[in-house]
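Descriptive structure summary
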Amino acid sequence: MKRRMLLLMATIVFGAVVMAGCSEKDSKDETKEVTIGVQDTDISAIVADNKGYFDKVFKEENINAKVKLVMFDAGPAIMEAFSANSLDFGCLGDQPCISAIATGCPAEIIGTYRTQKTGTAVIANRNSKIEKVEDLKGKKIGLTLGSNAEHLLNIVLEDAGLTQKDVEIVALEQADMLSVLQTGDIDAAAVWEPRISQSKDYAFRLADGKGTYDKNGKQIKQVEYKYFCNPFAANTAFTSENKEITTAVLKALEMGAKYTDENTEDAINIMADYTGVDANVASASVNCEDRDVKITDEKIAAFKATVEFLISSNQFDTSSDDCVIKSADDITKYINTSYYDAIK
């Protein structure tokens, strides 16, 4: 009896070990899906996916993972997906990214995918009787609240002695902006490419990060309004458990940026095919930007400037215990360069 009992126990233990081994093997063999949120002009990520760079780097690093791109209309929705833990990485503007981090979103900035000064602008309907920024007073302006375009609009208004209280803000998603502007239901809009180029038949660039313009495109005022620095953000719930994958994703993103720099026309066609945006229109966005992934001191200064704007415009309450960014310097706590530094 005792011998039989020992044999039975040994069998049970052996079976448990075998099952555990199978479980570990199954887990290791399972392909991990990595999701990246993109918008319609995020060319580096789109090209990296199209050229197979994510798969290439994963294979080289012996990582069993697969990237899936998820299209979004604007940055705030990407950060909402972070908060819901339904997205691992995201390409977006610094304002929605920093705003979300400040209020507890599990995110960090691990690189950048775009910097530019003219790819975001305030545009005006040619029939709106707007000739200069001061003419925006009392006018209806379309705005995607919480986006980078809001920061530009505020800077431009302030320089003209105005605030959002002097205009009528109409909250709109970028996808709806141009149709409403074209019908005249709004007089102006704060948008980014490709919408600036798509609207050129009925609207004109009133202001961008480098100054203000007249209806004929002549620059009226040259001033450095804003250096747009778009972060490549990562969900810390993902990165804390997947450091190697995070580094690999960043490496592939950089490969996509390099390919775009060296084969711009082909990269534009790749993006146009993926997003449905006309290639000629898409080129306006691609040719006005820098795609360097590395975070530099200049980029950190740009992030700090955005924090200062958000605090000064009361976009988050620094007196609240729930707010983790209370000064411009605090954003550096959420900038993580270790993944880029680990790229081989």
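First things first, this report covers the structure right here in the doc. Note that the coordinates shown come from a computational prediction; the quantities given were computed from them, not determined experimentally.

Those residues of helix H7 (residues 174-183) lying buried are Gln174, Met177, Leu178 and Leu181. Across the axial projection of H7, the buried residues extend over an arc of 85°, all falling on one side. In H7, the exposed positions angled more than 90 degrees off the buried face are occupied by Ala175 and Thr183. Buried residues belonging to H7 abut strand E5 (120-125), strand E6 (140-143), strand E8 (188-192), helix H8 (195-198) and strand E9 (203-208). Remark: glycine 184 follows H7 within two positions and exhibits a positive phi of approximately 90°.

Moving on, we get to the packing of aromatic side chains. Remark: the centre distance and the inter-plane angle together describe each pair of aromatic rings, the angle taken between the planes. By the definition in use, this model includes two aromatic pairs. Where phenylalanine 89 meets phenylalanine 232, the ring centres are 5.6 Å apart and the plane angle is 5°; that geometry is what we call stacked. A residue pair is termed long-range when its members are at least 10 positions apart, and phenylalanine 89 in strand E3 (residues 89-91) and phenylalanine 232 in strand E12 (residues 228-235) qualify at 143 residues. The buried category is assigned to phenylalanine 89, whose relative accessible area is 0%. According to the relative accessible area criterion, phenylalanine 232 is buried, its value standing at 1%.

This paragraph deals with the layout of surface pockets. Empty pockets left among the atoms are what a rolling probe the size of a water molecule brings to light. Its volume calculated, the second largest pocket comes out at about 190 Å³. Secondary-structure elements contributing two or more residues to the lining of the second largest pocket are helix H6 (148-159) and helix H13 (297-312). Of all the elements, H6 adds the most residues to the lining of the second largest pocket, at four residues. For the lining of the second largest pocket, the class distribution of residues is three nonpolar, six polar and two charged.

With that out of the way, let us pick up the packing of helix H2 (residues 43-50) against helix H11 (residues 264-275). Between H2 and H11, the least distance of the axes is 9 Å, while the angle of their chain directions is 90°. One way to sum up the angle between H2 and H11 is to call them roughly perpendicular. Here Ile43, Ile46, Val47 and Asn50 of H2 come into contact with H11, specifically with Ala267, Ile268, Ile270, Met271, Tyr274 and Thr275. In terms of residue class, the contact of H2 with H11 is built from eight nonpolar, two polar and no charged.

Calculation notes
Residues numbered from 1 in each chain as written. Predicted model: local features only at pLDDT ≥ 70, side-chain atom pairs only at ≥ 80, totals over all residues. Heavy atoms only, no water. Buried < 20%, exposed > 50% of the residue type's maximum accessible area, 1.4 Å probe, protein only. Helix = DSSP H or I, 4+ residues; strand = E, 2+ residues; numbered from the N terminus. Arc of directions from axis to C-beta. Contact = heavy atoms within 4.5 Å. Phe/Tyr/Trp six-rings, centres within 6.5 Å; stacked < 30°, edge-to-face > 60°. 1 Å grid on protein atoms, 1.4 Å probe; cavity = no way out; pocket = protein on both sides within 12 Å on 5 of 7 lines; lining within 4 Å. Points joined across faces, edges and corners; volume = space filled by probe spheres on them. Nonpolar A, V, L, I, M, F, W, Y, C, P; charged D, E, K, R; others polar. Axes fitted to C-alpha atoms, helices over the stretch in contact; angles between N-to-C directions. Parallel < 35°, antiparallel > 145°, perpendicular 65-115°, else oblique.

Purely geometric stuff here, so don't read any function into it on its own.
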